[in-house]
Structure formats: C-alpha cells, structure tokens
Amino acid sequence: MCGITGYIGYRDAHPIIINGLKRLEYRGYDSAGLILYDGKELKMSKTKGKVSDLEKRIKKEITTTGNIGFGHTRWATHGVPNDVNSHPHFSESENLVIIHNGIIENYDTIKIELINRGYTFKSDTDTEVLINLIEEIKKTENVKLGKAVQLALNQVIGAYAIVVFDKTKPDEFVVARLGSPIAIGIGEDNKEFFIASDASPFIEYTKNCVYLEDGEMAVIKIDREIKVRKIQDDSLVDPDILQLKLNLEQIEKGGYDHFMLKEIHEQPKAIIDTFRGRMLVNEGLIRMAGVDDNMQKFLNAKRIIIVACGTSWHAGLVAEYLFEDIARIPVEVEYGSEFRYRNPIINKDDIVIAISQSGETADTLAAIKMAKEKGAFVFGVCNVVGSSIAREAHAGAYTHAGPEIGVASTKAFTTQITLLSLIALKLGLANGNVSKTDYHSYLQEMELIPKKVESLLEINDKVKYIASEYKDAKNMLYLGRGFNFPVALEGALKLKEISYIHAEGYPAAEMKHGPIALIDENMPIVVIATNKGHYEKVVSNIQEIKARKGKIIAIVTEGDTTVKGIADHVIEVPETIEAFTPLLTTIPLQLFSYHIAVMLERNVDQPRNLAKSVTVE
Ligand code: AGP
C-alpha cells in the first residue's frame, strides 16, 4: 500500500525523506515522488518505478534543498502507475501540494464541480481532485490551510491519510487521517516534526510519537505544541504522545512476527476496501465499471470460464458456486497451466475471468492471451494495478487488498471472493435470477462480514493450541462440501506451502471413494461443518471418520452442539449465509497453518522453493 513520509525542522529534509521512503518500500508500491521547499520554491520530482529511480531523477531535477519536504510511495488504486499519477500533486495554482494514501470514493462528482469552476487536471487521480477542492475552499471561504482542509474533508467520502503544504505559509503543514494510518514523530522541544505511515522512517530520530486516530487532523508548526483536532467539528483533541518501544523490523510488520500474520489480520480492512465505493447498501447498488460497461456481454454469456492458479484457482472454485447458485450462469474453472495447452473449445460469447493477485502469473497470462485469440472476452480480477494480466484483459476490477508480502496468499483469497460475490450478485439481479429482497439481504450480510472476520480473529489462541497438538503430523486431510469444498483445498494448500506437511483437500463425500482407507489414529482430518448446505451429510462423514479413529478438527457454526459431541476439537465461526461461509471458514485454517509453520520454525513469509509470483512456466 502507499507510504507517506515528511519532515519539517532544522535538518536537511532531502536525505530524511529519501531514507524514509526506503524504509516504507516493504509496503509495496509502483511509483515514488517527493517535494522539497527550498525557502523560495517547491521542488518536485516523481516517477513510476522505485525509490532508486527517483533518486536518479532528483539528481537531474532538484539542485537545491531545504528543511521541509514530503515523500510518497504510491500503490495505484485510481489511475495506472505512471509519472503523472505519482504523488505529490500540486493544486492548480501550484501553491498547495498534497500526498495521499487511500481512496476518495466521490472524487468524480467533486471533479465535475471543479471543472465547471474552471479547474483543469493533469492526472487521473482522486488525490489531485482533493488538493483542488482544498484550494477552492481556501479561496472562496478565505480561510487558512487547516480550516480549508477540515472543510474539504467534510465533503469527501472514502479513506485517506494526507499531508498538505502551502508554500505561501511555509512554517507549517496539515495532516489528516481516516482509514489510513499516520504517525507523527515529535522532535525535542518541538524543533522538528516527522510524518510517516508508520514510525519506521523516523524511529532513529525520535521515539516520541502521536498516532492520529480516524477522523483526526493536525496543524504542525515548528516551535509549537502539536494541535490535534476532530475533522468533523474542528474541536481540539488532547493527543496521546507515545514512547515507541518497537524496533524497525517490528514496525514494518505492524508489530506482528510475520507479514503473513499481519495480512491475516488485515482481512477485515481489505474486505471493506474491496467493497468500498462499489457496494452501496442503502441504495441497493453495486457499482463496478468493468461489469457495467460490458453488462450485455455478461448477460449474453452462455458460459463463464475462470482461469487461475493456486489460491486464486481456489477462489475461482468458490466463484463457480457463487455464479451458478446466484446468477445461474454456467461456470467452469481451469488451471491456467492446463487451459493454455489443451486447445479448449472457446465460443465467441464465452467470458473468461482471470483471477490473479500479482497479475503476473505466467500460466494465467498465457491462458488469457490464447482465449483472446479464440475470440473470448476477458475480464481480469487482480490486486496489482497495471499488472500484465490487468492490462491484457479487455476489462476488469481490482481487489483493494493492498500489497500481499507473505508468499502464502491470505487477504488475496478473501478479497477475491468478496469481489466475485459482488459480480455474481450484480449479474443475478440484472438477469432476474436474484430477487430484489434476496439481493438486499446479501448486501446487508456482506456489510457485516468484516466485523465477523474481526471477531473470528480472536480465536487465535485456541487455534494455536490445536496447532501445537498436530504440528508433528506427517499428513492431513481437509474436507468440505459445497461452497466449503474449495476452502478445504485452500486450507490444505496453506498447510503444505508453509509447514511442508503433506495435506490434501477433498469434497467430504469423496472419502468413501478411496481416501477413507487412509484414516487411522495417526491421520488428523480438518472438516468444515458449518450449519448451511448439507450439514447432516457432513455430520455423517464425521461419524464415519470417528468410527475409524481419525482425529477430527471441525470448523462449525457458533452454537453447534452436534459436532461438538463427536469431534476432537471444534473451532466456531460466526453464522452467515451459505454463499459467504468461505470468507469466514478460511480464517481459522490460515491461522492453523501459520502456527504450525512457526512451531516447526519454517520461513513463514518466504517458504522454501516458492516465489510470490510465478512469472515463469
Ligand atoms: C498461494 O498461497 C500461493 N502464493 C500461490 O498458489 C498463488 O496463489 C499462485 O501462484 C497464483 O498467484 P496469483 O494469484 O498472483 O496469480
């Protein structure tokens, strides 16, 4: 995700900013930029690419320096990665400058209003709209920067962490936060201040830190106590000045031991960010340009072919149940590596959906190129904006999971399912296979999912205990039915790829067609037995296993008493509708694999033999 860093004080700002950006590189980004105020002018340099590319560019473009400056690493959400869309962004007058993390959902309506007032825009970003809104308010209301920012932020919908600077008043800057973190490092006697997305850029300068809370802003001025206010009503807030205890590595992982655990815990926010601005529950709307602009193609489609690899392939299997159950559109799910070589029959009104977190998986990319040659319409579901698969597809939609650093996919899986659920619902409503009432119930339930995932993450210690019981297993089976069959596959993959224990996922009913021969007291079996969809049949599968002395770890719906009386261990997940159970049942399986891998002292974030993105065959 994006990174912000800034400095105002008595030191040379340039090296502090560049080093700060390097500290934030772990967050993942596609472009970088900075602005320095040299006492007279604002000097900006920005580029698509890495901080090292920015350093080369600065050598040519900026010859002066100063004691104030801000830097940004961008993870594109609106506007593809390129120099113009990189941050910082000037206002029309070039007196104001902004850097921004987050998404302004209603930027399009604000942009139209500003264009009508004569504003012009250089970039495709929501950020440039925000800085011109602030400029317009500052002008028309004749207020100081802090007030203009406060008024502007009361007009925007979305998430942001921003730093705004006015070169006509160069002894201060304004920061504000809603849904995206900002840390303020406070130098001795308020002689200098540091701004950053987390404390890693300034930890060696100061350990005094204020983390703005959501809905708060601050005007930061040299030689003055930091003033924190509520954006909503401008009321003063008494900030908590913390003494940081974390070291650099702990800060990058957000205090978690591994990126994978951090990303498991980021899932509530990642799911919100994925449906934010798309799912308007009160209006009963799902807005998704890639689908809206091609709705007729989707409605005419006789078949949807989903192409993916690994975890994304498992998300594709969940999507098969979603699309066929909700939108009644036939779906087949293909491994990219198989599809690209088996000379498949692709009809002109087929739709191919490519699912890929990285957007760079070679087999998936080759598969959609072949599909396009055969006349298919290709829709991409990617997490990395501007990635190869996203660019190769005719249209698409991005999961807004933020960068996934751990090799084992976690938030990619749940955000892919979130996005695919919205698409299935949108098509089901459009083709009349979902009633408005049911559609509304789905939307209301989806809105509750992040909180349910949040509450589910509290079972961590229980899962850790169960993991300690089974960390020495040599094999494991994972069973699920219906929507949870793909979750069984995904749970097995998680265990395999980070703990190196062999595991297999199966449809629960398949046990009797062979695998039941494996069952004995040495075989742990994870069974997903939530109370929706063939529950009784799964219970009888559990009894079959019990009769053969298998050790059973059951994932059940909160309050289940039946399975509790049979299984060796029970992990409860909140109640939800059947179609959304994968968003919950996958969480304990992610944690289970994580804790076993840690206990086995595996390299959790970079497991052996694996790469985060398989860009070769
Ligand atoms: C899953 O945890 C793995 N990281 C791997 O299976 C991954 O899902 C697969 O390589 C596909 O990657 P993609 O989503 O970036 O295309």
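Parameters and conventions
Each chain has its residues counted from 1, following the order in which its sequence is written. Residues qualify for local features only when their pLDDT is at least 70, as the model is predicted, and side-chain atom pairs are given and counted only at 80 or more; totals for whole chains, interfaces and linings, by contrast, use all residues. The side-chain figures draw on all heavy atoms in the structure; neither hydrogens nor water molecules are used. Between buried and exposed lies partly exposed: a residue is buried under 20% and exposed over 50% of the maximum accessible area for its type, with that area taken using a 1.4 Å probe on protein chains only. Strands here mean DSSP runs of E at least two residues long; helices mean DSSP runs of H or I at least four residues long; both are numbered from the N terminus. In what follows, a contact means two residues having at least one pair of non-hydrogen atoms within 4.5 Å. For this analysis, a polar contact is any N or O atom pair within 3.5 Å, provided that within protein one partner can donate a hydrogen and the other can accept it, and provided that sequence-adjacent residues contribute only side-chain to side-chain pairs. One speaks of a salt bridge when a side-chain nitrogen belonging to Lys or Arg is within 4 Å of a carboxyl oxygen belonging to Asp or Glu. Throughout, the term near means that a residue has one or more heavy atoms lying within 4 Å of the molecule or strand in question. Values of accessible area rely on a 1.4 Å probe in the Shrake-Rupley scheme; residue burial ignores everything except the protein chains shown. As used here, the term nonpolar core means buried Ala, Val, Leu, Ile, Met, Phe, Trp, Tyr and Cys residues forming a set that is joined through side-chain atoms within 4.5 Å. A pair of strands is considered paired only if DSSP assigns at least 2 bridges between the two. To define axes, lines are fitted to C-alpha atoms, for helices over the stretch in contact only, and angles between the resulting N-to-C directions are given on a 0 to 180 degree scale.

K.L.:
Please provide a residue-by-residue account of helix H1 (residues 13–23), values included.
P.N.:
Every buried residue of H1 is listed here: Ala13, Ile16, Ile17, Ile18, Gly20 and Leu21. Packing partners of the buried residues in H1 comprise strand E1 (3–8), strand E2 (31–37), helix H2 (51–61), strand E4 (68–74) and strand E10 (193–196). Looking at where H1 begins, the residue whose side-chain oxygen comes 3.1 Å from the main-chain nitrogen of His14 is Asp12.

K.L.:
Would you mind going over the pattern of salt bridges in detail, with residue names and values included?
P.N.:
Where charged atoms of side chains with opposite charge meet at close range, the side chains can pair. Tallied over the full model, the rule gives 38 salt bridges. Note that Arg117 and Glu113 form a salt bridge whose closest N and O atoms lie 2.8 Å from each other. Put simply, Glu136 and Arg117 hold a salt bridge, and the shortest N to O gap is 2.8 Å. Here Arg117 lies in the loop between helix H3 (107–116) and helix H4 (126–141) and Glu136 lies in helix H4, a separation of 19 residues in the sequence. What makes Glu136 buried here is its relative accessible area of 9%. On the accessibility criterion, Arg117 (47% relative accessible area) is partly exposed. If you follow the salt bridges from partner to partner, you end up with Arg303, Glu332, Glu334, Arg342 and Asp350 in one network.

K.L.:
Can you lay out the site of the ligand for me, pointing to particular residues and giving the numbers?
P.N.:
Lining the immediate environment of the ligand, one finds 15 residues, of which Ser312, Ser356, Ser358, Thr361 and Glu497 sit closest. Ser356 has a polar side-chain atom sitting 2.6 Å from an oxygen atom of the ligand. Within the backbone of Ser409, one N or O atom sits 2.8 Å away from an oxygen atom of the ligand. Relative to its unbound accessible surface of 410 Å², the ligand loses 92% to contact with the protein.

K.L.:
Requested: an account of the environment of Thr415, with residues and values cited.
P.N.:
As for its placement among the helices and strands, Thr415 is situated in helix H15 (residues 411–430). Given a relative accessible area of 0%, Thr415 falls into the buried group. Separated by 147 residues in the primary sequence, Thr415 and Pro268 have C-alpha atoms spaced 9.5 Å apart. Filtering out sequence-adjacent residues up to four positions away, Thr415 remains in contact with Ala270, Ile271, Thr274, Thr399 and Ala401. A polar contact of 3.0 Å, which involves the side chain of Thr415, links it to the backbone oxygen of Ala412.

K.L.:
Before we move on, could you go through the nonpolar core and cite the residues and values that matter?
P.N.:
Of all hydrophobic cores here, the largest spans 92 residues; its most connected members are Phe323, Ile353, Phe379, Tyr478 and Phe592. Those residues in contact with Tyr478 that sit more than four places away from it in its chain are Ala488, Gly491, Ala492, Leu495, Ala503, Glu504, Gly505, Tyr506, Val526, Leu589, Phe592 and Ser593. Val129, Ala148, Val156 and Tyr160 belong to the second-largest nonpolar core, a separate cluster that totals 28 residues.

K.L.:
An account of the sheet that holds strand E5 (residues 89–90) is needed here, citing residue identities and associated values.
P.N.:
The seven strands are arranged E5-E6-E7-E8-E12-E13-E14 in an open sheet whose pairing can be described as antiparallel. In the strand order of this sheet, the two ends are held by E5 and strand E14 (236–237), each with one partner. For strand E6 (residues 96–104) and strand E7 (residues 158–166), the ladder comprises nine bridges, and the chain directions are antiparallel. Its bridge partner lying in E7, Ile103 is registered against Ala159. Sheet strands in contact with H4 are E5, E6 and E7, and its direction is about 125 degrees off that of E6. On the sheet, helix H5 (residues 145–153) packs against E6, E7, strand E8 (172–178) and strand E12 (216–221) and is oriented at approximately 160 degrees with respect to E7.

K.L.:
Quick rundown of the sheet that holds strand E24 (residues 502–507)? Include the residues and the values.
P.N.:
If you walk across this open sheet you meet the five strands as E24-E23-E25-E26-E27, and the pairing is parallel. Looking at the sheet topology across the chains shown, the edges are occupied by E24 and strand E27 (569–573). Strand after strand, the sheet turns through a mean of 20 degrees between neighbouring axes, direction not considered. As defined by bridge partners, strand E23 (residues 475–480) adjoins strand E25 (residues 524–529) across three bridges and the pair is classed as parallel. Across the sheet, the residue bridging to Leu477 is Ile525, located in E25. Helix H18 (residues 485–499) contacts E23, E24 and E25 of the sheet and is inclined by roughly 175 degrees relative to E24.

K.L.:
Before we move on, could you go through the pairing of strand E11 (residues 208–211) and cite the residues and values that matter?
P.N.:
As paired elements, strand E9 (residues 183–186) and E11 share three bridges and run antiparallel to each other. Looking at E11, one finds that Ile184 is bridged to Val210. Alignment of E11 against strand E15 (residues 242–243), held across two bridges, turns out to be antiparallel. Residue pairing in the sheet places Asn208 in a bridge with Gln243 of E15.

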